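The primary structure of each chain is shown beneath.
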Amino acid sequence: MDDSIFYLKKEVCAVTRLSPAHIDRLERDGKFPRRFNLTGRPNGEAAWYKSEVQDWCLARSRRMLKPPSDSLDGDRRPPA
């Protein structure tokens, strides 16, 4: 059983199904959780907290499942 509290980059890619470059862009734009340096050395291994990545995935899936605001369901008018 894996009890780690963080993901490495390859694990983040697998969980999110995003490319490393896309994760970098989202993170740079403030749209993805920030990484931290696991080793404390310059250019050390990057990691993300699992809980933050999982929360991001859940929020993203909820946004994707939300019906568009201009759907006809919310705009039912009585017949003229």
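If you're wondering where the values come from, they're calculated on a predicted model, not measured in any experiment.

Visitor: Could you clarify how one ought to interpret the sheet that holds strand β3 (residues 46-49) in this entry?
Guide: In a beta sheet, neighbouring strands pair by backbone hydrogen bonds and run either parallel or antiparallel. With respect to topology, three strands assemble into an open sheet ordered β1-β3-β2, the strand pairing being antiparallel. This sheet does not close on itself; its edge strands, each paired only once, are β1 (6-8) and β2 (36-37). Pairing analysis gives three bridges linking β1 to β3, with the strands arranged antiparallel. When the bridges of β3 are listed, L8 appears paired with A47. Across the face of the sheet, helix α1 (residues 9-16) comes into contact with β1 and β3 while running at roughly 100° to β1.

Visitor: Looking at this structure, how should I read the packing of aromatic side chains?
Guide: The way to describe two aromatic rings as a pair is by their centre distance and the angle between their planes. With the rule as written, the count across this model stands at three aromatic pairs. With 6.5 Å between their ring centres and 85° between their planes, F6 and F36 make a pair best called edge-to-face. Of this pair, F6 sits in strand β1 while F36 sits in strand β2, and the two are 30 residues apart along the sequence. You can call F36 partly exposed: its relative accessible area is 23%. Their ring planes at 70° and their centres at 4.7 Å tell us that F32 and W56 sit as a pair that is edge-to-face. Linking F32 in the loop between α2 (20-28) and β2 with W56 in helix α3 (residues 50-65), this pair joins segments that are 24 residues apart in sequence. No difference in accessibility class separates F32 from W56, as the two residues are buried. Grouped by ring-pair contacts, the aromatic residues F6, F36 and Y49 constitute a single cluster.

Visitor: What exactly am I supposed to notice about the pattern of salt bridges here?
Guide: In a structure, side chains of opposite charge can pair up when their charged atoms sit close to one another. Applying the stated criterion across every chain, the model contains four salt bridges. Between D24 and R35 there is a salt bridge whose closest N-O contact spans 2.7 Å. One end of the pair, D24, is in helix α2; the other, R35, is in the loop between α2 and β2, and 11 residues separate them in sequence. Assessed through its relative accessible area of 28%, D24 is described here as partly exposed. Among the salt bridges present, the one from R35 reaches E27, with a minimum N-O distance of 2.6 Å. By relative accessible area, which is 4% here, E27 ends up buried. What emerges from the salt-bridge pattern is a single network uniting K9, D24, E27 and R35.

Reading the values: the criteria
Residues numbered from 1 in each chain as written. Predicted model: local features only at pLDDT ≥ 70, side-chain atom pairs only at ≥ 80, totals over all residues. Heavy atoms only, no water. Pairing = 2+ DSSP bridges. Helix = DSSP H or I, 4+ residues; strand = E, 2+ residues; numbered from the N terminus. Contact = heavy atoms within 4.5 Å. Axes fitted to C-alpha atoms, helices over the stretch in contact; angles between N-to-C directions. Phe/Tyr/Trp six-rings, centres within 6.5 Å; stacked < 30°, edge-to-face > 60°. Buried < 20%, exposed > 50% of the residue type's maximum accessible area, 1.4 Å probe, protein only. Salt bridge = Lys/Arg side-chain N within 4 Å of Asp/Glu carboxyl O.

Read these as spatial facts, not as claims about activity.
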